[in-house]
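# Descriptive analysis of the structure
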Amino acid sequence: MTTETPTNFIHQIINEHNESGRFEGRVHTRFPPEPNGYLHIGHAKSIGLNYGTAVKYGGKFNLRFDDTNPTKEEQEYIDSIIEDVRWLGADWEDRLFYASDYFQQLYEWAVQLIRDGKAYVDHLTAEEIREYRGTLTKPGKNSPYRDRSVEENLDLFQRMKDGEFEDGTCVLRARIDMESPNLNMRDPVMYRILHTDHPRTGSAWCIYPMYDWTHGQSDSIEGITHSICTLEFEDHRPLYEWCIENLGIYAPQQIEFARGNLTYTVMSKRRLIQLVRDGHVRGWDDPRMPTIAGYRRRGYTPEAINDFWDRAGVAKANSTIEIEMLEHSIRQDLNQRALRRMAVLDPIKVVLVNYPEGQTEELDAINNPEDESAGTRKVPFSRELYIEREDFMEDPPKKFFRLAPGREVRLRYAYFITCTDVIKDADGEIMELRCTYDPATRGGDAPDGRRVKATLHWVSADHAVDAEVRMYEHLFSVPNPYDVPEGEEFTYHLNPNSLTILSGCKIEPSLADAKPGDRFQFERQGYFCMDPDSADGAPVFNQTVSLRDTWAKIQNQKA
């Protein structure tokens, strides 16, 4: 989110407004989440667009909670949203608002519409209202309560407010046009009865405004200039404008843009709630979840997420973006900032038979080749080491260049070693490798100029720290999780291998000082982040992303 954001169609509209003087050169945006769940990565696009637009034009940005449905809202969600928006880099300064701040004003405006004959209390049931609304091809029909007098409507609405009626008894509807081609204009519901305490207003209200009655008027109260929404609100814009026009209040401009969808991902809040509720994941911040909290726990950075949405751009048509593009952004970011460390995830022991017993030496290792200022660290080296089990083959194929009997390889930052013997258990499983080392190759180069074809990472057995490492695949096994056989739910394509927990991993001792949230590149493995589940002497790391850049490969193939 920088002032250098490329111009898009929204900025073109703002430029036109600035030229015409419509808002006197002001740009004031907002992000208005409903506190009924955690934010997901799609929300990051809206946050970045709204805040980035305000920054670009030297304007203001508000964070406003649309807290109009107390049956689904929780303080946990409010707290998480505040944390996520701040983490993404958006600064609302002192402009944190709630739609519930405006309940009294919204009520008074509803009374105004009743007095003007533009709203009425309807006693149809919810099912009857749907039936009377009609369809896209069939016009609606008027409610039998539509022509109540102003006096009767004022009395009934007051009694609704006073708690005289039970939930669902009646609603307040705008009186617009039941034959409108836009279903949103067919006398939409403005207020419903909910005898439920509100997280902020307690029991002060038992009638609550609908989103469409709240949204535009809240924008107006706050002096928002450009109400930037996702595309599904395009059909709601006539109602947004009707409410403001008929109240005779300040009018912002609603502008719609296309939301961004990701392959292998669901971003419906209802579906995400189901994943959490039914135990398919370990919570809202499970690193497999597309929530901001999940990505943060997995090790993603706000810079990578914002870069991804900058690359994706702002469009007017919905599209689905390959998740590999998001993974490319985090690789690019972590390649520059993540400290390098060595970790062996599936260890096999190596004993250097000609290395002095009881000796330990410290070798210099580079912290980040992309950042010279990161410097170096000392890594302990001893007679017994761990390497990856997959880095050894007893009978290797032609193109396998790693360790094998009689073959010489390089240990990163250390020495050349040659495998001389393979120790197996009674079942024939390899338990230990016996090797020799060449002391003349300290640092990884041979004085006689001989070369090896493989460099392996390793950890000293005497100094290794045991760790748990959680490896992740996509939560869903297919690019479009909604493409399921008839009668099946979206959970049909849940990937049973989305989480693999590796225990007994061996990590270099410097990682023992890591803190939850610290990010590293495990050399030759990928990028990893320390998890909050870590305890003293029992570190836990989440795989953020592998080293292989599938997106870059795709782009090279296209070129």
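Read on for a plain summary of the structure. (Residues numbered from 1 in each chain as written. Predicted model: local features only at pLDDT ≥ 70, side-chain atom pairs only at ≥ 80, totals over all residues. Heavy atoms only, no water.)

## Some details on the packing of helix α4 (residues 103-115) against helix α7 (residues 211-222)
- At a closest axis distance of 11 Å, the pairing of α4 and α7 adopts a crossing angle of 115 degrees. Taken together, the axis directions place α4 and α7 in an arrangement best described as roughly perpendicular. For the crossing formed where α4 meets α7, the hand is right-handed. For the pair formed by α4 and α7, the contact residues are Q105, L106, W109, A110 and L113 on the first element and W213, T214, Q217 and I221 on the second.
- Residues of the contact of α4 with α7, tallied by class, amount to six nonpolar, three polar and no charged. (Axes fitted to C-alpha atoms, helices over the stretch in contact; angles between N-to-C directions. Helix = DSSP H or I, 4+ residues; strand = E, 2+ residues; numbered from the N terminus. Parallel < 35°, antiparallel > 145°, perpendicular 65-115°, else oblique. Left-handed = near helix turned anticlockwise from the far one by under 90°. Contact = heavy atoms within 4.5 Å. Nonpolar A, V, L, I, M, F, W, Y, C, P; charged D, E, K, R; others polar.)

## A closer look at the sheet that holds strand β13 (residues 343-344)
- What the seven strands build is an open sheet, ordered β12-β25-β26-β27-β23-β24-β13; its pairing is mixed. Edge positions in the sheet fall to β12 (339-341) and β13, since each of these pairs with one other strand and no more.
- As paired strands, strand β26 (residues 526-530) and strand β27 (residues 540-546) are joined by five bridges and run antiparallel to one another. When the sheet's bridge partners are listed, Y527 is paired in β27 with V545.
- With respect to the sheet, helix α12 (residues 323-337) is in contact with β12, β25 (519-522), β26 and β27, its orientation differing from that of β27 by roughly 115 degrees. (Pairing = 2+ DSSP bridges.)

## Details of helix α1 (residues 9-20)
- Its 12 residues give α1 an end-to-end C-alpha distance of 17 Å, which sits within 8% of 16 Å, the value for a rise of 1.5 Å per residue.
- Those residues of α1 that fall on the buried side of the exposure criterion are F9, I10, H11, I14 and H17.
- Taken together, the buried residues of α1 touch α2 (41-56), β8 (226-230) and β9 (253-257).
- The backbone nitrogen of I10 has a side-chain oxygen 2.9 Å away, supplied by the residue at the start of α1, namely N8.
- Trailing α1 by a residue or two, G21 shows a phi angle of about 80 degrees, which is positive. (Expected span 1.5 Å × (residues − 1). Buried < 20%, exposed > 50% of the residue type's maximum accessible area, 1.4 Å probe, protein only. Polar contact = N/O pair within 3.5 Å; in protein donor to acceptor, adjacent residues only side chain to side chain.)

## Things to note about the layout of surface pockets
- Looking at the largest pocket, its volume works out to about 1,300 Å³.
- As for the largest pocket, its lining consists of 47 residues, of which E34, D66, Y211, F233 and H236 are closest to the centre.
- Breaking the lining of the largest pocket down by element, the ones donating at least two residues are β1 (28-31), α2, α5 (126-133), β6 (189-193), α7 and β8.
- When grouped by side-chain class, the residues that make up the lining of the largest pocket number 22 nonpolar, 14 polar and 11 charged.
- Quantified by volume, the second largest pocket comes out at close to 470 Å³.
- Lining the second largest pocket are 27 residues, and of these R298, E327, Y472, E473 and H474 lie nearest its centre. (1 Å grid on protein atoms, 1.4 Å probe; cavity = no way out; pocket = protein on both sides within 12 Å on 5 of 7 lines; lining within 4 Å. Points joined across faces, edges and corners; volume = space filled by probe spheres on them.)

## What about the packing of aromatic side chains?
- Per the stated rule, a full pass over the model turns up 23 aromatic pairs.
- Arranged with centres 6.3 Å apart and planes meeting at 70 degrees, the rings of F520 and F541 form a pair that is edge-to-face. Of this pair, F520 sits in strand β25 while F541 sits in strand β27; the two residues are 21 residues apart in sequence, bridging distant segments of the chain. Each of the two residues, F520 as well as F541, counts as buried.
- An aromatic cluster of at least three residues, connected via ring pairs, comprises F103, Y107, F157, Y191, W205 and Y208.
- Sitting above the plane of the Y107 ring, K161 keeps its charged end 5.3 Å from the centroid. (Phe/Tyr/Trp six-rings, centres within 6.5 Å; stacked < 30°, edge-to-face > 60°. Lys NZ or Arg CZ within 6 Å of the ring centre and 35° of its normal.)

## Focus: unusual backbone geometry
- Positive phi, normally seen in glycine, also occurs at D187, with a value near 45 degrees.
- Positive phi, normally seen in glycine, also occurs at R524, with a value near 70 degrees.
- Structurally, R524 is set in the loop between β25 and β26.
- Overall, R524 belongs to the partly exposed group, its relative accessible area being 38%.

## Considerations on helix α8 (residues 237-247)
- Listing the buried residues of α8 in full gives L239, Y240, W242, C243, I244, N246 and L247.
- Where α8 is buried, its residues touch α4, β5 (171-174), α7, β8 and β9.
- Among the residues trailing α8, G248 stands out with phi positive, at a value near 70 degrees.

## Notes on the side chain of D84
- Along the polypeptide, D84 turns up in helix α3 (residues 75-87).
- A polar contact is formed between the side chain of D84 and the side chain of R296, at a distance of 2.9 Å.
- With sequence-adjacent residues up to four places away left out, D84 is seen in contact with L39, I292, A293 and R296.

## What about the environment of E152?
- Take E152: it is sitting in helix α6 (residues 150-161).
- Taking the relative accessible area as the measure of exposure, E152 reaches 35% and is therefore partly exposed.
- In the structure, E152 is positioned 11 residues away from G163 in sequence and 17 Å away in space, judged by C-alpha atoms.

## A look at the sheet that holds strand β2 (residues 60-65)
- Ordered in space as β1-β2-β3, the three strands form an open sheet in which the pairing is parallel. Only two strands of the sheet have a single partner each, and these edge strands are β1 and β3 (96-98). The sheet shows a mean angle of 35 degrees between the axes of neighbouring strands, direction not considered.
- Across four bridges, β1 lies against β2 in parallel orientation. By the bridge assignment for β2, H28 is matched with K60.
- Along the sheet, α3 contacts β1, β2 and β3; its crossing angle with β2, the most-contacted strand, is approximately 160 degrees.
- Packing of α7 onto the sheet brings it into contact with β1, β2 and β3, and relative to β2 it is tilted by some 140 degrees.

## Regarding the pairing of strand β20 (residues 430-438)
- In this structure, strand β14 (residues 347-352) lies alongside β20, joined through four bridges in parallel fashion. In the strand pairing of β20, K349 is matched with E432.
- Bridge count between strand β19 (residues 416-424) and β20: eight bridges; the pairing is antiparallel. Bridge pairing in β20 places T418 opposite T436.
- Taken together, β19 and the strand that follows it, β20, pair antiparallel across an intervening segment of five residues, in which G428 is found at a positive phi of about 90 degrees.

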